[in-house]
Amino acid sequence: MAAFAVVAHAFPQTPEVAKAELTVASQYALSWPATLGTVDLYAASTPDQGTMTPVKRHVTTSSITVVSPLPGKGRVYFFIKPTDGTPGLWVSNRVLPLNGVANFRDMGGYETTDHHHVRWGQFYRSAAPSGLTAEDYQLVDTLGIKTVTDFRTQAEQKKQPTHWQGVSPAFFASEKPTLPGDMTDRKHLAKLSDTDAKTLMEAFYARMPEYYAPELKALFARLEAHQTPTLTHCTAGKDRTGFASALVLYALGVPEQTILADYAMSGDLLRAHLTPSFKAAMSDHQNGGAMAASPAMHSMLASDPAYLKAAFDAIKKHYGSIDAYLTQELGVTPQQRATLQSLYLD
């Protein structure tokens, strides 16, 4: 695998208790809170203590660079185990090193308000996987993805179909024919100022809770049925995927500040890894011409937390709270949330 590192973000780093970054093939930079004291490090192909391989014992620092002891190109999870007997922590690289798709990342590891952690290797999100290469699938096939939720419109699906290689998961695609007209008229979008584009994005997010309620309700039903690991995506993996991912994290008890910080990662990841197909779409002169160079594109590609807040504010305005929205619109009752938390939290 090629060298890969996460770029610095314009927004505060997502709060995490531990981090792992894949710097070059099979080499990881690990860090964790110094409050854990002396720790033993282990590696595993799944976050399961029964399958761990020792990496290094009695580490007294709070960061270290290690080479994975596991063979192959599959995912590596590290367990950081304090020697004083306090609970340990699982960690892995959040962003996966894939060449044909941008913004492919794991939503695991986030701490909840009651100090549990979202399980790694269960929830993946990405831009459209249509461009995954044969080399990419050597890693993707090891993830064990069972279901894929595609929030793209029928027009987007037809333009960039996904031809999954290897064992194919079950696909659940949106039946929306197109996006609202104000989001797809590239000639109009190319003329928008940055401020107008931000206003347009916030308005789109405010519509999403109602517009995508059927797809979201079905997604949560699959999660409750434990049809995971799962991948959720749209075209950029930022807006529709970002909103859906935020609701999943919220239902699991992740605090809003953490959710907003996770959402904010997408813009930087997209700018750092514009795939050839995405670049071509943005510079298609038959569809508005050179969108990538327009003032509006900065806002259209951004993952400004204000956008996600606009969706949350719309929910609170119409339902009173996000909890009420989950119950009334998506059918996720408090009892069902408890089931989800028992399935997907450590």
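This report concerns the structure included in the present document.

Here is what the cut-offs are and how they apply
Residues numbered from 1 in each chain as written. Predicted model: local features only at pLDDT ≥ 70, side-chain atom pairs only at ≥ 80, totals over all residues. Heavy atoms only, no water. Pairing = 2+ DSSP bridges. Helix = DSSP H or I, 4+ residues; strand = E, 2+ residues; numbered from the N terminus. Axes fitted to C-alpha atoms, helices over the stretch in contact; angles between N-to-C directions. Buried < 20%, exposed > 50% of the residue type's maximum accessible area, 1.4 Å probe, protein only. Contact = heavy atoms within 4.5 Å. Salt bridge = Lys/Arg side-chain N within 4 Å of Asp/Glu carboxyl O. Parallel < 35°, antiparallel > 145°, perpendicular 65-115°, else oblique. Left-handed = near helix turned anticlockwise from the far one by under 90°. Nonpolar A, V, L, I, M, F, W, Y, C, P; charged D, E, K, R; others polar.

1. A short note on the sheet that holds strand 3 (residues 39-44)
Thinking step 1. A sheet is described by the order of its strands in space; here 4 strands give the open sequence 4-3-6-7, paired in antiparallel fashion. The open sheet has two edge strands, strand 4 (53-59) and strand 7 (89-91), and neither has a second partner. Mean inter-strand twist for the sheet, computed between neighbouring axes without regard to direction, equals 20°.
Thinking step 2. With 3 bridges joining them, strand 6 (residues 77-82) and strand 7 adopt antiparallel strand pairing. Bridging across to strand 7, I80 finds its partner in L89.

2. A closer look at the side chain of T232
Thinking step 1. Considering the arrangement of structural elements, one finds T232 in strand 12 (residues 230-233).
Thinking step 2. The class of T232 is buried, set by a relative accessible area of 7%.
Thinking step 3. Excluding residues that lie within four positions of it along the chain, T232 makes contacts with Y124, R125, S126, T149, F151, L219, T241 and A244.

3. Regarding the sheet that holds strand 2 (residues 27-31)
Backbone hydrogen bonds are what pair the strands of a sheet, in a parallel or an antiparallel way.
Thinking step 1. Reading across the sheet, the 3 strands line up as 1-2-5 and stay open at both edges, with antiparallel pairing between neighbours. Of all the strands in the sheet, just strand 1 (19-24) and strand 5 (63-67) have a single pairing partner and so form its edges. Adjacent strand axes in the sheet meet at a mean angle of 25°, parallel and antiparallel pairs treated alike.
Thinking step 2. With 5 bridges connecting them, strand 1 and strand 2 associate as antiparallel partners. The partner of K19 across the bridge, within strand 2, is S31.

4. Comments concerning the pattern of salt bridges
Thinking step 1. Here the structure, examined in full by the defined rule, presents 12 salt bridges.
Thinking step 2. Measuring nitrogen to oxygen at the nearest pair gives 3.2 Å for the salt bridge that ties D262 to R125. Residue D262 is located in helix 7 (residues 256-263), and its partner R125 is located in strand 9 (residues 123-126); the two are separated by 137 residues in the primary sequence.
Thinking step 3. A salt bridge links E256 to K316; its shortest N-O distance comes to 3.7 Å. Remark: K316 occurs in helix 11 (residues 305-319) and E256 occurs in helix 7; sequence separation between them is 60 residues.
Thinking step 4. Take E256: its relative accessible area is 29%, and that puts it in the partly exposed class.

5. Notes on the packing of helix 4 (residues 194-211) against helix 11
Thinking step 1. Direction vectors running N to C along helix 4 and helix 11 enclose 40°, while the axes themselves pass 7 Å from each other. Between helix 4 and helix 11, the crossing angle belongs to the class labelled oblique. Along this stretch, helix 4 crosses helix 11, giving a crossing that reads as right-handed. Taken together, the residues of helix 11 that come into contact with helix 4 (itself represented by K198, M201, E202, Y205, A206 and P209) are A306, Y307, L308, A310, A311, A314 and I315.
Thinking step 2. Across the contact of helix 4 with helix 11, the residue classes tally to 11 nonpolar, no polar and 2 charged.

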